[in-house]
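Observations on chain architecture
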Amino acid sequence: TASQQSTSYPATIKGVQDIEVRPQVSGFIVKLCVDEGATVKKGQALFQIDPTQYAAAERQAKAAVEMAKSNVNTLSLNEQQKKNLYDKKIISDFEYQSAVDQLLSAKASLAQAEAQLTSARQNLGFCTVTSPSDGVVGTFPYRIGSLVSPSVTQPLTTVSEIGEMYVYFSMTEKQLLG
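Here is a short report on the structure shown in this document. (Residues numbered from 1 in each chain as written. Predicted model: local features only at pLDDT ≥ 70, side-chain atom pairs only at ≥ 80, totals over all residues. Heavy atoms only, no water.)

1. Remarks on the overall build of the protein chain
The secondary structure content of the protein chain amounts to 3 helices and 10 strands. Put simply, the protein chain runs from its N terminus to its C terminus through helices and strands in the order β-β-β-β-β-α-α-β-β-β-β-β-α. Split into buried and exposed, the 178 residues of the protein chain put 28% on the buried side. Restricting the contact set of the protein chain to residue pairs at least 6 apart, pairs at least 24 apart contribute 78%. Entry remark: accessible area of the protein chain is about 12000 Å², with carbon and sulfur atoms responsible for 52%. (Helix = DSSP H or I, 4+ residues; strand = E, 2+ residues; numbered from the N terminus. Buried < 20%, exposed > 50% of the residue type's maximum accessible area, 1.4 Å probe, protein only. Contact = heavy atoms within 4.5 Å. Areas by Shrake-Rupley, 256 points an atom, 1.4 Å probe, with all protein chains shown as cover.)

2. Concerning helix H2 (residues 93-126)
The α-helix winds at 3.6 residues per turn, so residues separated by three or four positions along the chain end up facing the same way. In a regular helix each residue adds 1.5 Å, so 34 residues correspond to 50 Å; H2 covers 50 Å between its end C-alpha atoms and thus fits that length. Listed in full, the buried residues belonging to H2 are Tyr96, Ala99, Val100, Leu103, Ala106, Leu110, Ala113, Leu117 and Ala120. Where H2 is buried, its residues meet helix H1 (52-87). (Expected span 1.5 Å × (residues − 1).)

3. Quick word on the pairing of strand E2 (residues 18-21)
Residues in a regular strand point their side chains to alternate faces of the sheet. Burial along E2 is one-sided: the residues Ile19 and Val21 are buried and none of Asp18 and Glu20 is. In this sheet, strand E9 (residues 157-160) lies alongside E2 in antiparallel orientation, the contact comprising 4 bridges. Residue pairing in the sheet places Glu20 in a bridge with Thr158 of E9. (Pairing = 2+ DSSP bridges.)

4. Details of the sheet that holds strand E8 (residues 147-148)
For sheets, the rule is that strands pair by backbone hydrogen bonds, running either parallel or antiparallel. Taking strand neighbours across the sheet as the criterion, the 4 strands line up as E6-E5-E3-E8 in an open arrangement whose pairing is antiparallel. One side of each edge strand has no neighbouring strand; the edge strands of this open sheet are strand E6 (128-130) and E8. Across 2 bridges, the pairing between strand E3 (residues 27-32) and E8 is antiparallel. Note that in E8 the partner of Phe28 across the bridge is Leu147.

5. Here we look at a nonpolar patch on the surface
A cluster of nonpolar side chains, Phe28, Val30 and Leu147, forms an exposed patch at the surface whose accessible area comes to about 290 Å². As for its placement among the helices and strands, Phe28 is situated in strand E3. Here Phe28 falls in the partly exposed class, since its relative accessible area comes to 44%. (Patch = residues over 30% accessible without salt bridge, like charges linked within 9 Å, V, L, I, M, F, W, Y side chains within 5 Å. Salt bridge = Lys/Arg side-chain N within 4 Å of Asp/Glu carboxyl O.)

6. Things to note about the environment of Ser146
Note on placement: Ser146 falls in the loop between strand E7 (135-137) and E8. Separated by 119 residues in sequence, Ser146 and Gly27 place their C-alpha atoms 8.2 Å apart. Those residues in contact with Ser146, other than ones at most four positions away along the chain, are Gly27, Phe28 and Ile29. Within the structure, Ser146 has its side chain in polar contact with the backbone oxygen of Arg143 (distance 2.9 Å). (Polar contact = N/O pair within 3.5 Å; in protein donor to acceptor, adjacent residues only side chain to side chain.)

7. Looking at the packing of H1 against H2
Running from N to C, H1 and H2 cross one another at 165 degrees; their axes reach a closest spacing of 8 Å. Taken together, the axes of H1 and H2 lie roughly antiparallel to each other. As for how H1 packs across H2, the hand of that crossing is left-handed. Classifying every residue of the contact of H1 with H2 gives 20 nonpolar, 7 polar and 11 charged. (Axes fitted to C-alpha atoms, helices over the stretch in contact; angles between N-to-C directions. Parallel < 35°, antiparallel > 145°, perpendicular 65-115°, else oblique. Left-handed = near helix turned anticlockwise from the far one by under 90°. Nonpolar A, V, L, I, M, F, W, Y, C, P; charged D, E, K, R; others polar.)

Written as structure tokens, this is what we have:
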């Protein structure tokens, strides 16, 4: 009978691309949504960062937008009234122009408040750290309760794209030529 011989070689398997997953906001990790080594889809939640302060900032920004809208409405009515008076030559050019300037300033404040709301919503969204691609999740150096930020030296994890894999064998030249 022919004897079958097998030889083992140490090997490392790597995805074509290992993507580092880093937080975009600072906070404490409150939930690990998957296990190490799990297969994940692009956009799937991996970690949850405490959203408390970001939810509060979003509520505050919403309130600021509502106040700014109210101010624009009030100054818009004021500008219309002043225009009627100006057209009838009851008030001066300066007085009407002041009303126009106040309205423009209020509109600029509203735009600024809306931009802050957009930023607050984005930060709140960043509290859920998602997978950048389909693949396999690596190890988690940070656990629940760890404080993380965009400047952490080590990524939260890596996601290895697994459409294609590279296998790295460790062998000597003699084994290779044998």
